[in-house]
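Structural features, examined
Each chain is listed here by its residues.
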Amino acid sequence: ESIVFSDGCKPWPYQIDAVKFAETANVRCIIADEQGLGKTIESLSLIRLHPEKLLPAVIVCPSTVKLQWLYEIQRICGSSKEFPTQVIQSGKERAMPGFKIYIVTYDMLKNKDLFQYLPEGTVKTLIIDECQRVKNHLSDRAKAVQTVAKTTPHIIAMSGTPIKNNAGEYFTVLNLVKPTMFPHYQKFLDNYCDYYSSGWGNKVGGLKDSNRFHEDTKDIIIRRTKAEVLTELPAKNRKFHHVELDRKLNKAYAAAMKELEVLLYSDEGDTFAGGTAKIAIMSKMRHITGVSKVADCVDFVTEFLLSTDRKIVIFCHHLDVADMLEANINQWCAEGGFEKVCKLTASLNGNDRTRVIEEFKNGSSRVMVSGFIEGANLQFCS
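Not measured: the values here are computed from a predicted model.

Conventions adopted
- Residues numbered from 1 in each chain as written.
- Predicted model: local features only at pLDDT ≥ 70, side-chain atom pairs only at ≥ 80, totals over all residues.
- Heavy atoms only, no water.
- Core = buried A, V, L, I, M, F, W, Y, C linked by side-chain atoms within 4.5 Å.
- Buried < 20%, exposed > 50% of the residue type's maximum accessible area, 1.4 Å probe, protein only.
- Helix = DSSP H or I, 4+ residues; strand = E, 2+ residues; numbered from the N terminus.
- Contact = heavy atoms within 4.5 Å.
- pLDDT = per-residue confidence, 0-100.
- Pairing = 2+ DSSP bridges.
- Axes fitted to C-alpha atoms, helices over the stretch in contact; angles between N-to-C directions.
- Disulfide = S-S within 2.5 Å.
- Salt bridge = Lys/Arg side-chain N within 4 Å of Asp/Glu carboxyl O.

Digging into the nonpolar core
Most often, soluble globular proteins keep nonpolar side chains buried together rather than apart. Formed by 41 residues in total, the largest nonpolar core has its most connected members in Ile 30, Leu 126, Ile 128, Leu 174 and Phe 188. Secondary structure elements with two or more residues in this core: β2 (57-61), β4 (101-105), α5 (106-109), β5 (125-129), α6 (140-150), β6 (154-158), α7 (171-177) and α8 (185-192). If we ignore the near neighbours within four places in the chain, the residues touching Ile 30 are Ala 157, Tyr 170, Val 173, Leu 174, Val 177, Ile 220, Ile 221 and Ile 222. In terms of nonpolar packing, the next biggest core, distinct from the first, is built from 32 residues, Val 27, Leu 54, Val 65 and Ile 101 among them.

As structure tokens, then:
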């Protein structure tokens, strides 16, 4: 409870409860808190408290959040000198001795030579971020995670949505965390899952007896919703999400940067026309970064929709970026049975803006894409 992060912040009481829960479970558990409650903070607080027991650690995560994890490690655990971290960027790289934390993607974990330079038994903790990505226990991705897990004494699986389609998807992560309790897929289905007829045979459905499942897993699964911890959260909570520039846009960004450098170090840059040209180039660069954030934003929003029952607003500056967000999220919503996105733009008159906001507030749509509009009351949203 004495933890203070590098930015002066401290974990919330419910986050401390999750740390204590994991300690009681000998750090073999599933943290299934609703998105936005700080699962990353909870897992890294454990590492900071018990480095001698939990390090070296491997964090396996989607490629879009590798830099986010690095930032959070430095913020929560300490400097790169105290917690040296290797972010493995490509399939050609190998985990090298001397680091305390290794950040890899699911696809990189399939590489059998990834840990060839580390003595067997080096890794003490495996953190599986967005663990629903190994829901198919027969997939190569799941098998790669299972291979590392077999020789790792401590496992923290994290997801706001460990089940997306049916209760059978829970098996892989339960087997990783507690293989003695959940040794066989078919046995898990028989004991815990319902079936229904699809017309072409039986399909796995939901939990047969949710109370029994919760009782059997109460020592290894912890989940809280925002509503449950609302009194502990501030009215406004800012979180920063670091995004890598899309490789497809690297050339365009580099060209704009070069163009800007020419102006900065030339006499023309000091003139009024030169100043205007600088602003134009920087606007172009800002636009490139806006386009680059679309995929990560869609990932964040879809995870939010699945793990919460709240509404969310995405503010964006560029019209084409707003269109891309709307199209991508609408496509996902149509496939998942969600209501399509509401859109609020500065081109609407006052009456139409009010109408759109009221429709969003009272309707079934849970996502709004909006420009920066003054005077719009959206406090009913995240």
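Things to note about the confidence of the model for the chain
For the chain, per-residue confidence averages 90 on the pLDDT scale, and residues scoring 70 or more make up 98% of the total. Across the chain, the secondary-structure element scoring lowest on mean pLDDT is helix α14 (residues 350-362), at 85, and the one scoring highest is strand β1 (residues 28-31), at 98.

Focus: the pairing of β2
Counting buried residues along β2, 5 of its 5 residues qualify, which places the element largely inside the surrounding structure. Of the two faces of β2, the one carrying Ala 57, Ile 59 and Cys 61 and the one carrying Val 58 and Val 60 are both buried. In terms of strand pairing, β2 meets β4 through 5 bridges, oriented parallel. Bridge pairing links Cys 61 to Thr 105 in β4. The pairing of β2 with β5 spans 4 bridges and is parallel. Along β5, the bridge assignment pairs Ala 57 with Thr 125.

A short note on the sheet that holds β6
Read across the sheet, 7 strands follow the order β3-β4-β2-β5-β6-β1-β9 without closing on themselves; strand pairing throughout is parallel. Unpaired on one side and paired on the other, β3 (85-87) and β9 (221-222) mark the two borders of the sheet. For β5 and β6, the ladder comprises 5 bridges, and the chain directions are parallel. In the strand pairing of β6, Ile 128 is matched with Ala 157.

Considering the sheet that holds strand β11 (residues 342-344)
With respect to topology, 3 strands assemble into an open sheet ordered β10-β12-β11, the strand pairing being parallel. Looking along the sheet, the strands with just one partner apiece sit at the ends: β10 (312-315) and β11. The mean angle between the axes of side-by-side strands here comes to 20 degrees, regardless of whether they run parallel or antiparallel. Of the strand pairs in this sheet, β11 and strand β12 (residues 367-370) are connected by 3 bridges, and their pairing is parallel. Within β12, the residue paired with Lys 343 across the bridge is Val 369.

Overview of the state of the cysteines
In total, this model carries 0 disulfides according to the counting rule given. Here Cys 29 is not disulfide-linked; the sulfur of Cys 131 is the nearest cysteine sulfur, at 11 Å. We note that Cys 381 lacks a disulfide partner, and the nearest cysteine sulfur, in Cys 342, lies 9.7 Å from it.

Quick notes on the pattern of salt bridges
If the charged atoms of two oppositely charged side chains come close together, the side chains can form a pair. On inspection of all chains with the given rule, the structure shows 15 salt bridges. With a closest N to O distance of 2.8 Å, Arg 224 and Asp 33 form a salt bridge. Of this pair, Arg 224 sits in the loop between β9 and α10 (250-264) while Asp 33 sits in the loop between β1 and α2 (39-49), placing them 191 residues apart in sequence. One exposure class covers both Arg 224 and Asp 33, and it is buried. Lys 343 serves as the salt-bridge partner of Glu 326, at 3.2 Å between the closest nitrogen and oxygen. Of the two residues, Glu 326 sits in helix α13 (residues 319-336) while Lys 343 sits in strand β11, which places them 17 residues apart along the sequence. Members of the salt-bridge network, linked through shared partners, are Asp 7, Glu 72 and Arg 75.

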